[in-house]
Amino acid sequence: MTVIIGLSAVMVALEDGEPRVLVTRRASGEDALPFGPFDPVNHRTFDLSLRGWVREQTGFEIGYVEQLYTFGDKDRETPGATLAGGPEDARVISVGYLALTPEARPAEASFEATWQDWYQYFPWEDHRLRRPAMIDGQIVPRLKTWAAGNEKRLERARIAFGFDGARWIEERVLERYELLYETGLVAECARDAGLPEPGVRLGAAMASDHRRILATGLNRLRGKIKYRPVVFELMPERFTLTALQRSVEGILGLQLHTQNFRRALDKAGLVAGTGQMETGTGGRPAELFTFRRDHAGSISAPGLSTPRKSVD
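Below, the structure is looked at part by part. Quick caveat, the model's predicted, so the values are computed rather than measured. (Residues numbered from 1 in each chain as written. Predicted model: local features only at pLDDT ≥ 70, side-chain atom pairs only at ≥ 80, totals over all residues. Heavy atoms only, no water.)

1. Focus: the side chain of serine 8
Quick reminder of the rule: Per the convention used, a helix needs a DSSP run of H or I reaching at least four residues, while a strand needs a run of E reaching at least two, with both numbered from the N terminus. N or O atoms closer than or at 3.5 Å make up a polar contact, with two conditions inside protein: a donor-capable atom paired with an acceptor-capable one, and, for residues adjacent in sequence, both atoms drawn from side chains.
By secondary structure assignment, the location of serine 8 is in strand E1 (residues 3-15). Of the polar contacts made by the side chain of serine 8, one reaches the side chain of serine 94; its length is 2.7 Å.

Right, here's the structure in full:
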């Protein structure tokens, strides 16, 4: 059997504090992550290959990149085999990457890709206004039915979705998606098993296992901003503290306590005022800040404190 190594990119940008992910559209009509073959002849590493085909196909020069996971389940990417130039029955191993860019500008016209709100794929993850009604109205009752009589299943569901006294943990994105897949509550499970679609629609489906790859990227990013200053890879060179907080809230899907967030930010010394003021917004002028990249590289665990504000 032919084995093909491909690279899938979770490319993330922020647009007015809202997280966006770059997606393509398959012939099947499903959204998919950008995908390209590993070029062992012209590229020395996976990282260089990823940067190469992203540049060629989308026109983006991506900045921060890190490897997520290797996805190799059998039959996971049959259409991807032909996309990568191989036979239809080839086994496709996909190495997932998280790539951050500070600007959600349009991709090159030759590459049909658009920036989409990542919460359309994971609507249960956005708690900025309130706990999404679908969790307690649609998800929890079905999970309790699935777990009936099995305490381990019930505890797993309770911890994942934060019900019956359990606290919502924003970093459990992948765990929640995999639980919904296992219980047949997302469309990809029915599609892969050849069964009718579930009676509830929980977010937009994606081709192959791309929603799982995307969940892995969100999971990684939500956790990492708390111990590494990666959020600044998504920010412009100058920004207000309000814009920074709104961006962190957009990634985490939570509201933060403004005073505590700014107090912790000041203590960490990650940003510095420029003395310039934001103008043209129609509101009260706010000072523009910049990321202290040299300082961040000299201190241990320079992440952002994320004190949440309860809205549930």
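2. Some words on the environment of phenylalanine 38
Defined as follows: Note on contacts: a residue pair qualifies if any of its non-hydrogen atoms lie within 4.5 Å across the two residues.
Mapped onto the elements of the fold, phenylalanine 38 is located in the loop between strand E4 (35-37) and helix H1 (46-58). Spatially, the C-alpha atoms of phenylalanine 38 and glycine 52 are 9.7 Å apart, while their sequence positions differ by 14 residues. For phenylalanine 38, the residues in contact, after removing those within four places along its chain, are Ile5, Gly6, Leu7, His43, Thr45, Phe46 and Ser49.

3. With respect to unusual backbone geometry
What is expected of a backbone is that most residues other than glycine have negative phi and most peptide bonds are trans. Rules: Each residue gets one of three labels from its accessible area relative to the maximum for its type: buried under 20%, exposed over 50%, partly exposed in between, using a 1.4 Å probe on protein chains only.
Despite not being glycine, aspartate 164 has its phi angle at roughly 55°, a positive value. On the accessibility criterion, aspartate 164 (51% relative accessible area) is exposed.

4. Observations concerning the nonpolar core
Condition: Working definition of a nonpolar core: buried Ala, Val, Leu, Ile, Met, Phe, Trp, Tyr and Cys residues. They are joined through side-chain atoms within 4.5 Å.
Within the largest apolar cluster, 65 residues are counted, with the highest numbers of intra-cluster contacts made by Trp124, Phe161, Leu221, Phe232 and Leu244. It is helix H3 (residues 133-147) that contributes the most residues to this core, seven residues altogether. Not counting residues up to four positions away in its chain, the partners in contact with tryptophan 124 are Pro132, Met134, Ile135, Ile139, Phe161, Trp168, Arg176, Leu180, Leu202 and Arg211. Within the second largest apolar cluster, 17 residues are counted, among which are Ala13, Val95, Tyr97 and Ala113.

Structural measurements only, silent on function.
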